[in-house]
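One letter stands for each residue in the lines below.
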Amino acid sequence: MKVLGVKAMMRRIPTLAFLMIALAATALSGCDQPDRTIVIVADDMEFRGGNPLLKANPGERVRLIFKNEAKGIIHEISIPQLKVKSERLMPGEEQVLNFIVPKDGGEFEY
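Nothing here was measured: the structure is a model prediction, and the numbers come from that model.

**Student:** Outline the overall build of the protein, listing residues and values.
**Tutor:** Secondary structure summary: the protein contains one helix and eight strands in total. Secondary structure of the protein in N-to-C order comes out as α-β-β-β-β-β-β-β-β. Across the protein, the fraction of contacts at a sequence separation of at least 24, relative to all contacts at a separation of at least 6, is 68%. Working note: accessible area of the protein is about 8,100 Å², and carbon and sulfur atoms make up 58% of it.

**Student:** Before we move on, can you summarise the environment of proline 52 with the specific residues and values?
**Tutor:** Checked against the element boundaries, proline 52 lands in the loop between strand 2 (46-47) and strand 3 (53-56). Taking relative accessible area as the criterion, proline 52 reaches 33% and is therefore assigned partly exposed. Sequence separation of proline 52 and phenylalanine 108 is 56 residues, and the distance between their C-alpha atoms is 8.8 Å.

**Student:** Account for the sheet that holds strand 7 (residues 94-100), naming residues and giving values.
**Tutor:** Spatial strand order, 2-1-4-7: four strands in an open sheet with mixed pairing. Of all the strands in the sheet, the pair left with one neighbour each is strand 2 and strand 7. Sheet topology places strand 4 (residues 61-68) next to strand 7; seven bridges connect them, and they run antiparallel. Its bridge partner being in strand 7, arginine 63 is matched across the sheet by asparagine 98.

**Student:** Tell me what's going on with the pattern of salt bridges, and back it up with residues and numbers.
**Tutor:** Side-chain pairs of opposite charge can arise where the charged atoms are in close proximity. According to the stated counting rule, one finds six salt bridges in the structure shown. Between glutamate 69 and arginine 48 there is a salt bridge, and its shortest N-O distance comes to 2.6 Å. With glutamate 69 in the loop between strand 4 and strand 5 (78-79) and arginine 48 in the loop between strand 2 and strand 3, this residue pair connects regions lying 21 residues apart in the sequence. Put simply, lysine 55 and glutamate 107 hold a salt bridge, and the shortest N to O gap is 3.7 Å.

**Student:** Now, about the packing of aromatic side chains: what can you tell me, with residues and values included?
**Tutor:** Counted under the stated rule, the structure contains two aromatic pairs. Taking the centre distance of 5.9 Å and the plane angle of 65 degrees together, the rings of phenylalanine 47 and phenylalanine 66 count as edge-to-face. Of this pair, phenylalanine 47 sits in strand 2 while phenylalanine 66 sits in strand 4, placing them 19 residues apart in sequence. Looking at phenylalanine 47, the relative accessible area reads 10%, which means it is buried. Taken together, a centroid distance of 5.4 Å and an interplanar angle of 65 degrees make the contact between phenylalanine 47 and tyrosine 110 edge-to-face. Residue phenylalanine 47 is located in strand 2, and its partner tyrosine 110 is located in the segment after strand 8 (106-109); the two are separated by 63 residues in the primary sequence. No difference in accessibility class separates phenylalanine 47 from tyrosine 110, as the two residues are buried. Grouping aromatic residues by their ring pairs yields a cluster made of Phe47, Phe66 and Tyr110.

Thresholds applied
Residues numbered from 1 in each chain as written. Predicted model: local features only at pLDDT ≥ 70, side-chain atom pairs only at ≥ 80, totals over all residues. Heavy atoms only, no water. Helix = DSSP H or I, 4+ residues; strand = E, 2+ residues; numbered from the N terminus. Contact = heavy atoms within 4.5 Å. Areas by Shrake-Rupley, 256 points an atom, 1.4 Å probe, with all protein chains shown as cover. Buried < 20%, exposed > 50% of the residue type's maximum accessible area, 1.4 Å probe, protein only. Pairing = 2+ DSSP bridges. Salt bridge = Lys/Arg side-chain N within 4 Å of Asp/Glu carboxyl O. Phe/Tyr/Trp six-rings, centres within 6.5 Å; stacked < 30°, edge-to-face > 60°.

As structure tokens, this is what we get:
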């Protein structure tokens with residue numbers, strides 16, 4: 001077995017630190033990944049497909065992409081039971097809202 005000198009060990013510290021940071025970043029990167037992505041589009045005076053219920057399971061991580069494709073109308077979306085509310089979006093804008101469904105889960109009106 002080869003014993004490294006102090007200088008050789010000091011040269012390897014940056015490489016080891018980089019590998020540790022990369023490993024930690026890889027392990028943590030999955031924490032924010034949604035279980036499901038939902039896209040809701042506002043078009044004219046309604047949401048495409050009407051105003052359906054959002055069905056979600058308890059503990060589910062949801063990424064909601066809200067798009068305003070209406071011409072000349074400002075839109076926002078609110079799901080009060082989940083305490084989720086978008087900003088007021090100008091035509092052509094979109095916003096991503098991330099949330100975790102509470103333990104009771106179920107159906108939520110918007």
